[in-house]
Amino acid sequence: MTTTETGVIVDNDTTPAAWTRTEGAERATDLFRRTWDAAPDGVWASPGRVNIIGEHTDYNGGLCLPIALPHCTYVALRRREDDVVRIVSAFDQSVVDWEGTVEQIVPRALKGWPTYTAGVAWGLADAGLRPTGFDAALVSCVPLGAGLSSSAAVECAMVLALDEVNGFGLGGDDEGRAKLVDIAVHVENDMAGAPTGGMDQAASLRTTEGHALLLDCLDGSTRQVPFDLADAGLELLVIDTRAKHALVDGQYAARRESCEQAATMLGVDTLRQFDDLGWALANLPDDTMVARVRHVVTEIARVQEFVALVDEGRILEVGPLMDASHDSLRDDYEVSCVELDTAVDAARAAGALGARMTGGGFGGCAIALVREADADAVRAAVRQAFAGRGFTEPIVHVVTPAAPGARVS
Ligand code: ADP
Ligand code: MG
């Protein structure tokens, strides 16, 4: 058993425990008090997410099915009467700080982590909701850069806090939260420069405990899908390969651009509105573009089939859809990597019902749906496969659908 710098307890044989919300609130309040010798107005938490199926579909107007993780980012925040913004954040093994004014927070003026934190003040102002200055202290137990969306967790915790202390009143219902999601996505795209779709922020703010969120990215509509794994005797393993994952790098943007180009050539606004793969084959300029479109179109169909099975109480039969999703991401979309493939292959061989990479790809996490009785064997098999190939030891989390972002103290 070891404790990392960020306080995440790693029991090498089981699961790194996420902080409870009470513990997270205390840690954020402590950092706030130590920094400014004062009490915050409150503490807000928002979770990271893991996507069950529907990958690289959000920016194509498609369907996805994320759950909120028990791992959250916490912000202790105090409203100021002036325009000054002071932020401290304990992450990536150190405490960093930023100071400026709301006025100064505009695209390209900031770099790195302040774009995801201070940047939210700009996102709100750009939507006509200009916040006052504030002091904020952040802590997080969402694994960083692991494809579990620590970025959305941080944006969503900030946007909930600033919404409430400024009395904008959007955090109280789903309609308001949908607007906060749009603001957080705008921050991620146009302040942080990461061209992600809307899944991560919707998962952080619009999920319900015990449910997966069926998100329709064409119109923003949602459905809460009961996702009771224990009831079915199942566990969901999130296998953090610890391989590098950088969404802002060119690959993600290139995939998105390729989809947008294909949609234009096919005469549709988004690939969601297209399902004639034979026609794509005949009308797109090269095999690569056909493969990209094939992934998106078949992946959207897999989400529909997955949810239909869950609705019918046939969750034990979803595994082949997860496997097909991975194979499509590996072969057609080409966003997997050797560590993800190793995790998925080892999990399947050790009896997982289904396994796939999750998130943007090129590293980060894979998920495996396993019978409770097989969980230890799957975990051991993945660890052994990684050791055999000389990879860094993976971290395996066992997760259930957690609660969405909320005020916690
Ligand atoms: P992930 O898959 O974790 O979302 P990203 O590369 O999208 O990976 O986002 C990680 C970035 O988000 C970090 O490099 C940092 O800039 C920002 N970030 C995440 N958590 C925090 C935090 N607690 N405090 C400040 N910035 C954070
Ligand atoms: Mg991210």
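In what follows, the accompanying structure is described.

Rules used in this analysis
Residues numbered from 1 in each chain as written. Chains lettered and ligands numbered in written order. Predicted model: local features only at pLDDT ≥ 70, side-chain atom pairs only at ≥ 80, totals over all residues. Heavy atoms only, no water. Axes fitted to C-alpha atoms, helices over the stretch in contact; angles between N-to-C directions. Helix = DSSP H or I, 4+ residues; strand = E, 2+ residues; numbered from the N terminus. Parallel < 35°, antiparallel > 145°, perpendicular 65-115°, else oblique. Left-handed = near helix turned anticlockwise from the far one by under 90°. Contact = heavy atoms within 4.5 Å. Near = heavy atom within 4 Å. Polar contact = N/O pair within 3.5 Å; in protein donor to acceptor, adjacent residues only side chain to side chain. Areas by Shrake-Rupley, 256 points an atom, 1.4 Å probe, with all protein chains shown as cover. Nonpolar A, V, L, I, M, F, W, Y, C, P; charged D, E, K, R; others polar. Pairing = 2+ DSSP bridges. Salt bridge = Lys/Arg side-chain N within 4 Å of Asp/Glu carboxyl O. Buried < 20%, exposed > 50% of the residue type's maximum accessible area, 1.4 Å probe, protein only. Phe/Tyr/Trp six-rings, centres within 6.5 Å; stacked < 30°, edge-to-face > 60°.

## Details of the packing of helix α4 (residues 150-165) against helix α5 (residues 174-190)
- Direction vectors running N to C along α4 and α5 enclose 125 degrees, while the axes themselves pass 10 Å from each other. It follows from the interaxial angle that α4 and α5 lie oblique. Crossing angle aside, the handedness with which α4 passes α5 is right-handed. On the side of α4, the interface is formed by Ser151, Ala152, Glu155, Cys156, Val159, Leu160 and Asp163, while α5 contributes Arg177, Leu180, Ile183, Ala184, Val187 and Glu188.

## Structural notes on the site of ligand 1
- The environment of ligand 1 is made up of 17 residues, and the closest members are Ser89, Gly145, Gly147, Ser150 and Ser151.
- At a separation of 2.8 Å, an oxygen atom of ligand 1 approaches a polar backbone atom of glycine 145.
- Serine 151 is positioned with one of its side-chain polar atoms (N or O) 3.0 Å from an oxygen atom of ligand 1.
- Contact with the protein chains covers 89% of the free accessible surface of ligand 1, which is 570 Å².
- Class assignment for the residues of the shell around ligand 1 results in eight nonpolar, nine polar and no charged.

## Focus: the sheet that holds strand β11 (residues 234-240)
- Pairing is antiparallel in the open sheet, where four strands are placed in the order β12-β13-β11-β14. One side of each edge strand has no neighbouring strand; the edge strands of this open sheet are β12 (354-357) and β14 (395-399). Ignoring strand direction, the axes of neighbouring strands in this sheet form an average angle of 20 degrees.
- Where β12 meets strand β13 (residues 365-371), four bridges bridge the pair, whose relative direction is antiparallel. Residue alanine 355 lies in a different strand from β13, and its bridge partner there is alanine 368.
- Contacting β11, β12 and β13, helix α11 (residues 338-349) crosses the sheet at an angle of about 175 degrees to β12.

## A closer look at unusual backbone geometry
- One non-glycine residue with positive phi stands out, namely arginine 108, at about 75 degrees.
- By the secondary structure assignment, arginine 108 is in the loop between β7 (94-101) and α2 (113-117).

## Notes on the pattern of salt bridges
- Taken as a whole, this structure holds 28 salt bridges when the rule is applied.
- The partner of arginine 49 in a salt bridge is aspartate 200, with the nearest N and O atoms 2.8 Å apart. Residue arginine 49 is found in strand β3 (residues 42-51), and its partner aspartate 200 is found in helix α6 (residues 199-206); the two are separated by 151 residues along the sequence.
- Classification of arginine 49 by relative accessible area gives buried; the value is 5%.
- Overall, the relative accessible area of 6% leaves aspartate 200 in the buried class.
- For glutamate 317, the salt bridge identified is with arginine 314, shortest N-O distance 2.8 Å.
- Here arginine 314 falls in the partly exposed class, since its relative accessible area comes to 33%.

## What to know about the pairing of strand β10 (residues 222-226)
- Of the pairings in the sheet, the one linking strand β9 (residues 211-216) to β10 comprises five bridges and is antiparallel in character. In the strand pairing of β10, leucine 215 is matched with threonine 222.

## Re the packing of aromatic side chains
- Counted by the stated rule, this structure contains seven aromatic pairs.
- Taking the centre distance of 6.0 Å and the plane angle of 35 degrees together, the rings of tryptophan 19 and tyrosine 74 count as tilted. With tryptophan 19 in the loop between β2 (9-10) and α1 (21-36) and tyrosine 74 in strand β5 (residues 66-79), the pair connects residues that are 55 residues apart, well separated along the chain. Judged on exposure class, the residue tryptophan 19 and its partner tyrosine 74 are both buried.
- Taking the centre distance of 6.4 Å and the plane angle of 55 degrees together, the rings of phenylalanine 274 and tryptophan 279 count as tilted.
- What makes tryptophan 279 partly exposed here is its relative accessible area of 40%.

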